[in-house]
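Structural overview
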Amino acid sequence: MPNSPEYSVVSYGTDLSDAYLGAVQAAVSGLGARILELENAAGNGFTVSKLYVGYDGGLSRLRRTVAAASAAVPAKPGGEQSAVVPPSLLKEARKLLVLDVDSTLIKQEVIELLAAHAGREAEVAAVTEAAMRGELDFAASLHARVKTLAGLPASVIDEVGARIELSDGAELLVKEFLAAGHGVAVVSGGFSQVLDPLADRLRLTFRRANLLEIEDGVLTGAVSGEVVDRAVKARSLAEWAQELDVAPEHTIAVGDGANDLDMLAAAALGVAFNAKPAVQAAADAVLNLPRLDVVQHFVKL
């Protein structure tokens, strides 16, 4: 029908085969959806094909059908995946993108870099992995990991900050969103002392992270104030959207661990970026390519 809601079915991979794209298109057409437009794009190391469709059967049904069609095509190196974007993110409206930091905006886990200075990296990494899989309470695990840092000189923060690498495509993604007039925020279970210089450099709209406690130039092994856990991350998204006068249906969140689940659920589109299995299962879109800038193709900027 002419006034059907318009969705975007976005397919992406290092290379997209005709067989894969044909299977997705056939599945969409089989539902009775009207194909309105086809748009192809290429990035650094990936290709994208966007199918704009009019459909009255609802988002959930469209997502289930596209997921089944995608899974039925034999996997190929580099992977081929598809995401269904709701109509609200295709509208001309200001949007808010909220990113997790460790293993999302950046390639590393900052607490593990800090723990390496204390000779406790392996121990801390094991706890981090368990927490990100959702096997441990995040706040309790954070306190336990930070405790291993007690006695380190505060100078290690600058040393670690110098070693941080942005994820591939992260800077481009941020620039594209900001240039289009949208908000970009980061919320982290990591630490403000490491995040703030990076957030300033990227000119991010908002940032929030834990604060390492320092006394007499030495880490005490504690954090100050409220721990940034999954509830705080979701609350931050809502708070920032309200401050920017961005409707909830115009928000996007990206993360990789269990600590991000509430934030992903709160956003209009929750994206699991090279994420743990439980996060991939819960997210609206799964991105298993190493390029964060694929995310810009999920919305109309």
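Residues numbered from 1 in each chain as written. Predicted model: local features only at pLDDT ≥ 70, side-chain atom pairs only at ≥ 80, totals over all residues. Heavy atoms only, no water.

The following threshold applies: UniProt positions are given in the numbering used here, feature names are shortened, and annotations may be inferred rather than shown by experiment.
In the annotation of an unreviewed UniProt entry, the protein is listed under the name phosphoserine phosphatase and assigned to Arthrobacter zhaoxinii. Listed under Cofactor (unreviewed entry) in UniProt, the entry text for the protein is "Mg(2+)". UniProt annotates the protein under Pathway (unreviewed entry) with the comment "Amino-acid biosynthesis; L-serine biosynthesis; L-serine from 3-phospho-D-glycerate: step 3/3."

**Things to note about the overall build of the protein**
To be explicit about the condition: Put simply, DSSP marks the helices as runs of H or I at least four residues long and the strands as runs of E at least two long, and each gets a number from the N terminus on. The quantity called the radius of gyration is restricted to C-alpha atoms. Its globule counterpart is 2.2 Å times the number of residues to the power 0.38. Each residue's exposure class comes from its accessible area (1.4 Å probe, protein chains only) as a fraction of the maximum for that residue type: buried when under 20%, exposed when over 50%, partly exposed otherwise.
Within the protein, the secondary structure is distributed over eleven helices and eleven strands. Taken against the 2.2 N^0.38 rule, which gives 19 Å for 301 residues, the C-alpha radius of gyration of the protein at 20 Å falls within 12% of a compact globule. A principal-axis box enclosing the C-alpha atoms of the protein has dimensions of 70 × 40 × 30 Å. Looking at the protein as a whole, 52% of its 301 residues qualify as buried.

**Some thoughts on the sheet that holds strand E1 (residues 6–13)**
What counts, and what does not: By the convention used here, strands pair only if DSSP detects at least 2 bridges between them. All axes are obtained by fitting lines to C-alpha atoms, using only the stretch in contact for helices, and the reported angles, taken between N-to-C directions, cover 0 to 180 degrees. What makes two residues a contact is simply this: any of their non-hydrogen atoms within 4.5 Å.
Strand order in the open sheet formed by four strands is E2-E3-E1-E4, and the pairing between neighbours is antiparallel. At either end of the open sheet lies a strand with only one pairing partner, and these are strand E2 (34–43) and strand E4 (80–85). Strand-to-strand, the axes of this sheet are offset by a mean angle of 20°, without reference to chain direction. Bridge analysis of E1 against E4 gives six bridges, and the strand direction is antiparallel. Residue Gly-13 lies in a different strand from E4, and its bridge partner there is Glu-80. Relative to E1, helix H1 (residues 18–30) is tilted by about 160°, and along the sheet it contacts E1, E2, strand E3 (46–54) and E4. Here helix H2 (residues 59–72) sits on the sheet and contacts E1, E3 and E4; the angle it forms with E4, its principal contact strand, is near 175°.

**Observations concerning empty space enclosed by the protein**
Put simply, the rule reads: Here a cavity is any set of points on a 1 Å grid over the protein atoms alone where a 1.4 Å probe fits but cannot get out, and a pocket is any open set with protein on both sides within 12 Å along at least 5 of 7 lines; a residue lines the site when it has an atom within 4 Å of a point. Grid points are joined across faces, edges and corners, and a volume is the space filled by probe spheres set on the points. Each residue is assigned to one class: nonpolar for Ala, Val, Leu, Ile, Met, Phe, Trp, Tyr, Cys and Pro, charged for Asp, Glu, Lys and Arg, and polar for all the others, Gly among them.
A complete count under the given rule lists two cavities of 30 Å³ or more for this structure. Its boundaries defined by the atoms lining it, the largest cavity holds a volume of some 150 Å³. Lining the largest cavity are 17 residues, and of these Asp-102, Glu-109, Phe-138, Gly-189 and Gly-190 lie nearest its centre. Of the residues that constitute the lining of the largest cavity, the class distribution is five nonpolar, five polar and seven charged.

**So, the layout of surface pockets**
The space that makes up the largest pocket amounts to roughly 260 Å³. If you go around the largest pocket, you meet 15 residues; those closest to its centre are Ala-67, Ser-82, Ala-83, Asp-284 and Val-286. Here the lining of the largest pocket takes five residues from H2, the largest share from any one element. Looking at the lining of the largest pocket residue by residue, the classes come out as nine nonpolar, four polar and two charged.

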